Amino acid sequence: MMNDIALAAMEMSSARLATQYAMSLQKNVMSDMEQQAMGELAMLPPTPGVGDYIDTYA
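Residues numbered from 1 in each chain as written. Predicted model: local features only at pLDDT ≥ 70, side-chain atom pairs only at ≥ 80, totals over all residues. Heavy atoms only, no water.

**Q** Please clarify how the overall build of the chain should be interpreted in this entry.
**A** Per the secondary structure count, the chain includes 2 helices and 0 strands. Across the 58 residues that make up the chain, the buried fraction comes to 0%. For the chain, the exposed area adds up to about 5800 Å²; of that, 65% sits on carbon and sulfur atoms. (Helix = DSSP H or I, 4+ residues; strand = E, 2+ residues; numbered from the N terminus. Buried < 20%, exposed > 50% of the residue type's maximum accessible area, 1.4 Å probe, protein only. Areas by Shrake-Rupley, 256 points an atom, 1.4 Å probe, with all protein chains shown as cover.)

Here is the structure:
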């Protein structure tokens, strides 16, 4: 009986650790992807304004 409780507690602790590790890894990946996207957006040429692109006098 006591072994079953200890085993269940160890399994829950192991599952909690695995979940925390996966969440931490996912947060790091998302942060890296966000930084990469910001860098790529910075390299894009500026978009023209409304009056520069659309003929407002037509």
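That shown, we press on.
**Q** Honestly, a nonpolar patch on the surface in this entry has me stumped. Any pointers?
**A** A grouping of Tyr21, Leu25, Val29 and Met33 is seen on the molecular surface, where their side chains present a nonpolar patch of about 420 Å² in accessible area. Checked against the element boundaries, Val29 lands in helix H1 (residues 2-43). Under the relative-accessibility criterion, Val29 is labelled partly exposed at 41%. (Patch = residues over 30% accessible without salt bridge, like charges linked within 9 Å, V, L, I, M, F, W, Y side chains within 5 Å. Salt bridge = Lys/Arg side-chain N within 4 Å of Asp/Glu carboxyl O.)

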